[in-house]
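A closer look at the structure
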Amino acid sequence: MMYQKHFRQLTKLVWFQVLFVTLIMCVGRAVMFAYFVDTNQLTGKSADIWRMVVTGLRYDLRVSAIGFAPLYLIGLLLAAHSTIWRAFRPIAITYSTVIVFIITAITIGNYYYYQTYHNHYDLFAFGLFEDDTEAVVMNMWQDYPIVQSTLLTLAVAVLGAWMSHRLTATSKHVTRWFSPVAVVYGLISITVFFVAARGSIGTFPLRQANAQVSELVVLNKLTPNGFMAIDWAIKARKADTKFVDVSLQDGEALLSQVVGSNELFTHTAENPYLEKNQPNVVLAVMESLGSNMLAFDDPKTNDMLGSLRQHFNQDFLFTRFLSADNGTAPSMAQIMFSSPVQSISQSSAQNLTLAGNAFQPYKQAGYKTIFVSPGNMAWRDYMSYLPKQGVDRVVDQNTLLAQYPEAEKYMTDWGLPDDVAFKYVEKLLSEETQPLFIILLSVTNHPPYETPDYYSPYPTHVSDDYRTRAGQGQIAPEGIQTTFQYSADSLGQFISHVKQSPKRPTVIAATGDHQMRRIAATMPQEILLDKGVPFYLYIPEAIQAHLDITFDANRIGSHKDIMPSLYNASLSNARYLNVGGRNIVAKHDDPTLAFGANTKVWLSDKGVVSLEKPRSFYPWPESGLYLDPNAKQPVPVDIDKKADDYVKMLQWQLNYRVMQAKQAQ
């Protein structure tokens, strides 16, 4: 009788908590559905919505059952002893409360993560620990209702604790069941619990692939709960940072399919003029300079460019262009190191010098290589890693503060104002005694979106469309737009200064590291716009006269094309990595390499592919970046295969270069 009583109390407690936390996750999914799904896209999708609900419920039950399995198992072992059970009861209540708190916090966090990144928790979530953690936490505090969310989480946890206390309270009047009834009750409970923990009665437990319930991507994103998404992200993280030995022969077929050659390296053309007249080269990677924000630009009422506008109009500008990835770290890893692993600088390969990094061709040509950022380059351990890749000097906020101490009062969590870094680069260019290659990474266009008080902004206007898309963040949209403009204007002022300089000619390139966050996209019309960044290129006329150049604003590309374009505009017979990039202003565009690659979107000469499962294809519109949702087609087989081969090739070449670097040690 004593064991039966305790067992029934335990079963009531566990099943109540399983259903309670399942309800929490279901409510979280319903709220996300209400806020993030465009109802105009739901016509004819009732079956998909039902699959999302049912599969989501299975995910929720699985997480809940796994979470309470230790409590159930230990309780079954301890229920036979009254003294031990009395000691176990408060532990069970505490355990339940902690689980409820964690699940509620993860569910609420998943909502805001989706609001920002348009995805459930994924690899970027590790940025909290790998980026400047203090700055990330401050951004969260400034832009999200942390206090309200914490109070709500505590209230839900307290409710769960109160119910746990009620359910495990000792009662003197417990009807004894006949032993067969108690046994059947126990077997049914344990069996159903086991099925819930698997999420399936089939051969395989519920897995990540089961989340694909619709051709409407947003439904697939909302199907898993936050806890499952974290589990998948952890597994992806482990796979992402694992380097394996490969052979050159393994990659020759992939290289041939992707780049049309089985050679891992290629060369720029011989150019006697560039050999004698080496220009400076500056690449500015601008924080959140996204095409989705530039879509709101209006030179009269909502100026997002400032002084950068004149240069966008005068020089080479490509708008059918993608960032390599959708975060600063992965995009910088691709641009500088051709690495699909964003944490390469913090991985087991952090002490290796990778052949083919972005700085190497310039080092071999006698350039001084410099990396500049107004942020703190303890970020991603760049202060240590970049010198190993041939960077002669790393300049961050500490160097800039020593040079410009008056800038300290404008310091934010992310660093100093962008114009301070540009001013320093101007100084470097004016004092150089040898050609310079400089990469600048800006930081100001981050929360808290503050601009220095000496900046005089151009007109801005928060439209109803922008206000709706930007959501209900804690930071005023006016400040966000002004900060975006300030950052772009700082770049424009820098370009103007360099163009007027009598010193050595300077080639300038600029792009965004990723799209502007927190702007909701209308899909599928804005598949490209949502992942797009501009690519700006200035080549002085004196150099253009000695190059075979064709500018076609409709040429497509992505971050992979930046460094090859710069090499071909500045170096003679330079050897560089051949992993899909090409000179985007070449006289004759290479059709094999004329594609744009982002982890979520693929561009070809035929149109735009969404790589989100299930994949979809949209032909190019006659003009602009907005796609026609009615023009959706199956993805052409050749494009589908090339997109897959490109990913495999990137992974292979990084493994190969890491292996070669290890052997060279």
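If you're wondering where the values come from, they're calculated on a predicted model, not measured in any experiment.

**Regarding a nonpolar patch on the surface**
Side chains of Val98, Phe101, Ile102, Trp141, Val147, Leu151, Leu154 and Phe227 sit close together on the surface and give an oily, nonpolar patch of about 720 Å² of accessible area. Breaking the nonpolar patch down by element, the ones donating at least two residues are helix H3 (82–117) and helix H6 (146–167). Tracing the backbone through its elements, the reader meets Val98 in helix H3. Assessed through its relative accessible area of 42%, Val98 is described here as partly exposed.

**Here's the deal with the packing of aromatic side chains**
Geometry of an aromatic ring pair is reported as the spacing of the ring centres plus the angle between the planes. Within the structure shown, the criterion is met by 32 aromatic pairs. Between the aromatic rings of Phe321 and Phe535, the centroid separation amounts to 5.0 Å while the plane-to-plane angle is 20 degrees, which identifies the pairing as stacked. With Phe321 in strand S4 (residues 321–322) and Phe535 in strand S9 (residues 535–538), this pair connects stretches of sequence that are 214 residues apart. Pair check on accessibility: Phe321 and Phe535 agree, each one buried. Here the aromatic cluster, defined as three or more aromatic residues joined through ring pairs, consists of Phe359, Tyr362, Tyr367, Phe437, Tyr567 and Tyr576.

**Observations regarding the environment of Leu577**
Position of Leu577 relative to the elements: it lies in strand S11 (residues 575–577). Placed 481 residues apart in sequence, Leu577 and Ser96 show a C-alpha to C-alpha distance of 54 Å.

**Things to note about the sheet that holds strand S7 (residues 436–441)**
One key point about sheets: their strands pair by backbone hydrogen bonds, in either a parallel or an antiparallel sense. With mixed pairing, the seven strands of this open sheet are ordered in space as S3-S9-S8-S2-S7-S5-S6. For this open sheet the edge positions go to strand S3 (316–318) and strand S6 (393–395), each flanked by a neighbour on one side alone. Averaged over all pairs of adjacent strands, the angle between their axes in this sheet comes to 10 degrees, without regard to strand direction. Here five bridges tie strand S5 (residues 368–372) to S7, and the two strands are oriented parallel to one another. By the bridge assignment, Ile370 is partnered in S7 with Ile438. Of the strands in this sheet, strand S2 (280–286), strand S8 (506–512) and S9 touch helix H20 (residues 477–499), which is tilted by about 170 degrees from S8. Relative to the sheet, helix H23 (residues 562–570) contacts S2, S7, S8 and S9, its axis offset from that of S2 by approximately 160 degrees.

**Notes on the UniProt feature "transmembrane region" (unreviewed entry) in the protein chain**
Mapped onto this structure's residue numbering, the UniProt feature "transmembrane region" (unreviewed entry) falls at residues 12–37, 61–80, 92–114, 146–165 and 177–197. Secondary structure across residues 146–165 divides into 100% helix and 0% strand, with the first and last C-alpha atoms of the span separated by 28 Å.

**As for the environment of Trp232**
With respect to the helices, strands and loops of the structure, Trp232 is situated in helix H9 (residues 226–240). Expressed as a C-alpha distance, the spacing of Trp232 and Tyr121, which sit 111 residues apart in the sequence, is 8.7 Å. Contact partners of Trp232, with chain neighbours within four places excluded, come to Tyr59, His120, Arg207, Gln208, Ala211 and Pro224.

What counts and what doesn't
Per-chain numbering applies: the sequence of each chain, read as written, is numbered from 1 onward. Only residues with pLDDT of at least 70 are given local features in this predicted model, and only at 80 or more are side-chain atom pairs given and counted; all residues enter the totals for whole chains, interfaces and linings. Hydrogens are left out, water is left out, and the side-chain values use all remaining heavy atoms of the structure. Each patch is built from residues lacking any salt bridge and having more than 30% relative accessible area; the joining distance is 9 Å for like charges and 5 Å for nonpolar side chains (Val, Leu, Ile, Met, Phe, Trp, Tyr). Under the convention used here, a 1.4 Å probe and the Shrake-Rupley method define accessible areas, while residue burial counts only the protein chains that appear. Each salt bridge in this description consists of a side-chain nitrogen of Lys or Arg and a carboxyl oxygen of Asp or Glu lying within 4 Å of one another. Numbering goes from the N terminus for both helices and strands, where a helix is a DSSP run of H or I of at least four residues and a strand is a run of E of at least two. When accessible area is computed with a 1.4 Å probe and restricted to protein chains, residues below 20% of their type maximum are described as buried, those above 50% as exposed, and intermediate ones as partly exposed. Within 6.5 Å between ring centres, the rings of Phe, Tyr and Trp (the latter by its six-membered ring) count as paired, and their orientation is classed by plane angle as stacked under 30 degrees, edge-to-face over 60, tilted in between. Two strands pair if DSSP finds at least two bridges between them. Axis lines are fitted through C-alpha atoms, for helices just across the contact stretch, and the angle between N-to-C directions can take any value from 0 to 180 degrees. Should any heavy atoms of two residues lie within 4.5 Å, those residues are counted as being in contact. UniProt positions are given in the numbering used here, feature names are shortened, and annotations may be inferred rather than shown by experiment.

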